[in-house]
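Letter by letter, the chains look like this.
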Amino acid sequence: MAKNDLKVYPILEKIRQVKPLIHHLTNWVTIYDCAAVVKALGGSPVMAHANEEVAEMAGMAQALVLNIGTLTKDFVEAMKIAGKSANAKGIPVIFDACGAGATRLRDEKCVELLREIDIGIIKGNVSEIARVAGINVRTKGVDTAEIKGDIYALAARLSVKYKCTVAVTGKEDVISGAGRTFVVKNGHALMADVVGTGCMAASVIGTFAAVGPDLVRAAAAGLSCFGIAGECAAVNSAGPAEFKVKLIDALYNLDKKTVERRQKIERV
Amino acid sequence: MAKNDLKVYPILEKIRQVKPLIHHLTNWVTIYDCAAVVKALGGSPVMAHANEEVAEMAGMAQALVLNIGTLTKDFVEAMKIAGKSANAKGIPVIFDACGAGATRLRDEKCVELLREIDIGIIKGNVSEIARVAGINVRTKGVDTAEIKGDIYALAARLSVKYKCTVAVTGKEDVISGAGRTFVVKNGHALMADVVGTGCMAASVIGTFAAVGPDLVRAAAAGLSCFGIAGECAAVNSAGPAEFKVKLIDALYNLDKKTVERRQKIERV
Amino acid sequence: MAKNDLKVYPILEKIRQVKPLIHHLTNWVTIYDCAAVVKALGGSPVMAHANEEVAEMAGMAQALVLNIGTLTKDFVEAMKIAGKSANAKGIPVIFDACGAGATRLRDEKCVELLREIDIGIIKGNVSEIARVAGINVRTKGVDTAEIKGDIYALAARLSVKYKCTVAVTGKEDVISGAGRTFVVKNGHALMADVVGTGCMAASVIGTFAAVGPDLVRAAAAGLSCFGIAGECAAVNSAGPAEFKVKLIDALYNLDKKTVERRQKIERV
């Protein structure tokens, strides 16, 4: 493995200076938490989904996050309008393939969104990403450790197919794009026990992508920061609910020393 | 009163082993908390409401929870599709009659859902359940203590009418079905001061029903566990918000000793 | 500045006695927190947005809160139906101009709502209120301190234009109506770092307006209480997430002594 050449903290500092506006069309379950992590990082979240205003809102933003967790046909149409506006302005579009593979509707809409919008970063867990890549995996029973080599190849292949960055979240996060692959080894087991950490990860990536040097490094840096916050939050947390409160506050309080000491990103 | 013959902890253990998928069509206010309690118990929550996917999603699930808290006509149509799919698969449907009696729309839609879907468990507070049973009660001014005897009769009658289990939540929870009635005496006064504990109770019942021995005992066991978690959470809580955080973490941490020592279920 | 003649605590006491029902049509991001603050104060929140039931629900309520944070055309139509019902019944309508100025749709819908409904209280931050008043301000870069004098004039002017009370939230809150202007100097800097405090403020104002002596004093008293809770919550909060938990619990626990000692309302 090559030595990591990615500095995370300067990107976080830039977020706090620039306060980028991150426009979301996301699901109704974790919508608050998506907004909360953007704000905790120093960004400015906005959620808006009316067909009549999404193009204008995306046009004001520095990144657009699309999440299909509670999709409907109409909602996906609004995503397309917002996505095309983001593309026209040249801001990054982050696509959270939340629940891909669960139903035909989700699979169809993933394909449509990836065909009609220029997605900058596709984010998902290993089974969601595999499904978007056209592989027929079962969601349960996929062991991240065992198919480690495959995840690298999977991410790289999907990245080439859609000319984008692919972020596969899990015990280790794998980020692939522009011929490079990073592995992020930050995080804590409790993150998997909280509803919404996947969605929050996409919002964190969006906030980093809004100011970052390039999408691959922005996604890796964002996931590292999120994982570091998880490590800090796990200390003395009684369970997932207290942990989530501490996770958001840890993002808010991340300082240079903590980030530099804990950052675990490897280029593979 | 007869001695209780219901063991709660083995059902909780089974949830943690099986990790049942609980599909929700629920309201937009407490949707996160409904997901959070399912996950804290060890289940896997999914929220999906698009007409085009609800049948498929319900078909993958081990229980379906319907909550009309922020209903619209279209949303109720999606509930019917999901409900019929759940019926076809033979998984339990839990119906939270949230706000029944408040408006004509709610009353009409309750009737439609109960007519068109085979509901396994109807859950509500005493005034909601009375309204579903066709009694004209005022929501405010219903004193649980005074009409104690009536609640037993009410639950039993509604249970016979719809051939289902009826769970009436309150200071004491009354669960009636298949000719049996249980009273659960767990819980804490702070639960009534938190927005969403009623909705969360339906999700807890759904998670227990997904693996439980039968719907009556699953509902009683679920409400007992939820009440026990409330008792644990109340210790040192400054108010309803801290209490809710601790409530979810208490569900996550429930162990055999705590459940067996605190369980207060009586068969009447 | 004139001496303050406004007693806050008796209004809070009345909320706890009367338990007013506060009907909301609000955004999907902070909907839970809006309900939570109403409940913490002692009121009873209800969220309902189906065209078929909003008139009936508003007709049962003691105040109606409208918030356009995640508006759609259909949702605004439901707001109009609810608003007209509230007007017919004579209960106060609170309008949170959330995100006014961000898109043409928001500007248009603000105008329509203010034209078709008799709004009792318009609430917003300085740029939202300026936009509703027809001034072309940029949302970012508006420094509350520098245009202090202008905020008083702005609030007074908008109040006259729509014959209503105007509440401008910020480091200092300015409330103007019926020829009077109050300034509330309670609050804490952390409130600006939490997603949803603006929306929660509108719900607090609605709860006070439901029982208050008049809309101007109700809005000022509500914002003072909310600010006092913020001051209490800030003690030992690690960040915005812990702060929000403590904020809701502080509202729940507000006592006479704390309110009377901390209340900072000036009539200008």
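Our subject is the structure listed above.
A few points on the structure.

Conventions adopted
- Residues numbered from 1 in each chain as written.
- Chains lettered and ligands numbered in written order.
- Predicted model: local features only at pLDDT ≥ 70, side-chain atom pairs only at ≥ 80, totals over all residues.
- Helix = DSSP H or I, 4+ residues; strand = E, 2+ residues; numbered from the N terminus.
- Rg over C-alpha atoms; globule rule 2.2 N^0.38 Å.
- Buried ≥ 20, exposed ≤ 12 C-beta atoms within 10 Å, placed from the backbone.
- Contact = placed C-beta atoms within 7 Å.
- Axes fitted to C-alpha atoms, helices over the stretch in contact; angles between N-to-C directions.
- Parallel < 35°, antiparallel > 145°, perpendicular 65-115°, else oblique.
- Nonpolar A, V, L, I, M, F, W, Y, C, P; charged D, E, K, R; others polar.
- Least-squares fit on C-alpha atoms with pLDDT ≥ 70 in both.
- Core = buried A, V, L, I, M, F, W, Y, C linked by C-beta atoms within 7 Å.
- Pairing = 2+ DSSP bridges.
- Arc of directions from axis to C-beta.

1. Some thoughts on the overall build of chain A
Point 1. Check the secondary structure of chain A and you find 11 helices and 9 strands.
Point 2. On C-alpha atoms alone, chain A measures out to a radius of gyration of 17 Å, which is about the 18 Å that the 2.2 N^0.38 rule sets for 268 residues.
Point 3. In terms of overall dimensions, chain A has C-alpha extents of about 45 × 40 × 35 Å along its principal axes.
Point 4. Residues counted as buried form 64% of the 268 residues belonging to chain A.
Point 5. Sequence-distant contacts, at least 24 apart, represent 75% of the contacts inside chain A between residues at least 6 apart.

2. Focus: the packing of helix α1 (residues 9–18) of chain C against helix α8 (residues 197–211) of chain C
When two helices pack together, their arrangement is given by the angle between their axes and by how far apart the axes lie.
Residue and element names in this part refer to chain C.
Point 1. Interhelical geometry of α1 versus α8 gives an angle of 80° and a closest axis separation of 9 Å. By the criterion of interaxial angle, the relationship of α1 to α8 is roughly perpendicular. Residue-level inspection shows Ile11, Lys14, Ile15 and Val18 of α1 in contact with α8, the latter providing Thr207, Phe208 and Val211.
Point 2. Broken down by class, the residue content of the contact of α1 with α8 amounts to 5 nonpolar, 1 polar and 1 charged.

3. Points about the interface of chain A and chain C
Point 1. The partner chain C presents 21 residues to the 21 residues of chain A that form the contact.
Point 2. Going through the elements one at a time, α2 (31–41), β2 (44–47), α3 (51–60) and α10 (240–253) of chain A are the ones with two or more residues in the side of chain A that touches chain C.
Point 3. Top contributing element to the side of chain A that touches chain C by residue count: α2(A), with 6 residues.
Point 4. Residue classes in the side of chain A that touches chain C are distributed as 14 nonpolar, 2 polar and 5 charged.

4. Some thoughts on the relation of the copies chain B and chain C
Point 1. The transform that puts chain B on chain C rotates by 120° and translates by 0.0 Å along the axis, for an RMSD of 0.0 Å. Within this description, the copies of the chain are treated as partners about a three-fold rotation axis. It is Trp28(B) whose C-alpha, among those of chain B, lies nearest the rotation axis, at 3.9 Å.
Point 2. A low fraction, 14%, of the interface residues of chain B reappear at the interface in chain C, so the copies pair through non-equivalent surfaces.

5. Focus on unusual backbone geometry
Point 1. Residue Ala178(A) is not a glycine yet carries a positive backbone phi of 50°.
Point 2. Here Ala178(A) lies in the loop between β7 (173–177) and β8 (180–184).
Point 3. For Ala178(A), a count of 14 C-beta atoms within 10 Å translates into the label partly exposed.
Point 4. Its identity as a non-glycine residue notwithstanding, Asn236(C) has a phi of 65°, on the positive side.
Point 5. The class for Asn236(C) is exposed, based on 8 C-beta atoms found within 10 Å.

6. Brief notes about the nonpolar core
Point 1. Counting residues in hydrophobic clusters, the biggest one holds 321 residues, and the most contacted among them are Ile205(A), Ala219(A), Ile205(B), Ala219(B), Ile205(C) and Ala219(C).
Point 2. Non-local contacts of Ile205(C), meaning those with residues more than four positions away in its chain, are made with Ile94(C), Ile121(C), Lys123(C), Ala167(C), Ala218(C), Ala219(C), Gly222(C) and Leu223(C).

7. Considerations on the relation of the copies chain A and chain C
Point 1. Once chain A has been moved 0.0 Å along the axis and rotated by 120°, it coincides with chain C to within an RMSD of 0.0 Å.
Point 2. A share of only 14% of the interface residues of chain A reappears at the interface of chain C, consistent with the copies meeting through non-equivalent patches.

8. Digging into the environment of Ala82(C)
Residues and elements named next belong to chain C.
Point 1. Topologically, Ala82 is positioned in helix α4 (residues 73–89).
Point 2. With 15 residues separating them in the primary sequence, Ala82 and Asn67 have C-alpha atoms 12 Å apart.
Point 3. If sequence neighbours within four positions are ignored, Ala82 has contacts with His23, Leu25, Val54, Ala55, Ala58 and Leu64.

9. Observations concerning the sheet that holds strand β8 (residues 180–184) of chain C
All names here are of chain C.
Point 1. Read from one edge of the open sheet, 9 strands run β2-β1-β3-β4-β5-β6-β7-β8-β9, paired in mixed fashion. For this open sheet the edge positions go to β2 (44–47) and β9 (265–267), each flanked by a neighbour on one side alone. Mean inter-strand twist for the sheet, computed between neighbouring axes without regard to direction, equals 20°.
Point 2. Summarising the sheet, strand β4 (residues 93–96) and strand β5 (residues 121–125) pair through 3 bridges and their orientation is parallel. Residue pairing for β5: Asp96 is matched across the bridge by Lys123.
Point 3. Taken strand by strand, helix α2 (residues 31–41) contacts β1 (21–25) and β2, and its axis lies near 155° from that of β2.

10. A word on the packing of α2(A) against α10(A)
All names here are of chain A.
Point 1. Two numbers describe how α2 lies on α10: the axes approach to 7 Å, and their chain directions differ by 25°. Considering the angle they form, α2 stands roughly parallel to α10. Contacts between α2 and α10 involve Ala36, Val37, Ala40 and Leu41 on the former and, on the latter, Ile248, Leu251 and Tyr252.
Point 2. A class-by-class count of the residues in the contact of α2 with α10 yields 7 nonpolar, no polar and no charged.

11. Considering the sheet that holds strand β5 (residues 121–125) of chain B
All names here are of chain B.
Point 1. Pairing in this open sheet of 9 strands is mixed, and the strands run β2-β1-β3-β4-β5-β6-β7-β8-β9 from one edge to the other. Edge positions in the sheet fall to β2 (44–47) and β9 (265–267), since each of these pairs with one other strand and no more. Sheet twist, expressed as the average angle between the axes of neighbouring strands with direction ignored, equals 20°.
Point 2. Here strand β7 (residues 173–177) runs beside strand β8 (residues 180–184); their pairing, made up of 5 bridges, is antiparallel. Each residue of the ladder has a partner; that of Asp173, found in β8, is Val184.
Point 3. Where helix α2 (residues 31–41) meets the sheet, its contacts fall on β1 (21–25) and β2, and the angle it forms with β2 comes to roughly 155°.
Point 4. Against the sheet, helix α8 (residues 197–211) contacts β1, β3 (63–67), β4 (93–96), β5 and β6 (165–169), and its axis sits at roughly 160° relative to β3.

12. Topic: the interface of chain B and chain C
Point 1. Tallying the contact residues gives 21 residues for chain B and 22 residues for chain C.
Point 2. Those elements giving two or more residues to the side of chain B that touches chain C turn out to be α5 (104–116) and α10 (240–253) of chain B.
Point 3. When residues of the side of chain B that touches chain C are assigned to their parent elements, the largest contribution, 4 residues, is made by α10(B).
Point 4. Considering only residue class, the side of chain B that touches chain C consists of 11 nonpolar, 5 polar and 5 charged.

13. Points about helix α1 (residues 9–18) of chain B
Residues and elements named next belong to chain B.
Point 1. Restricting attention to buried positions, one finds in α1 the residues Ile11, Leu12 and Ile15. The arc that holds the buried residues of α1, viewed along the axis, is 100°, so those residues lie on one side. In α1, the exposed positions angled more than 90 degrees off the buried face are occupied by Arg16 and Gln17.
Point 2. On its buried face, α1 is in contact with α2, α8, α9 (215–234) and α11 (256–262).
Point 3. Among the residues trailing α1, Lys19 stands out with phi positive, at a value near 50°.

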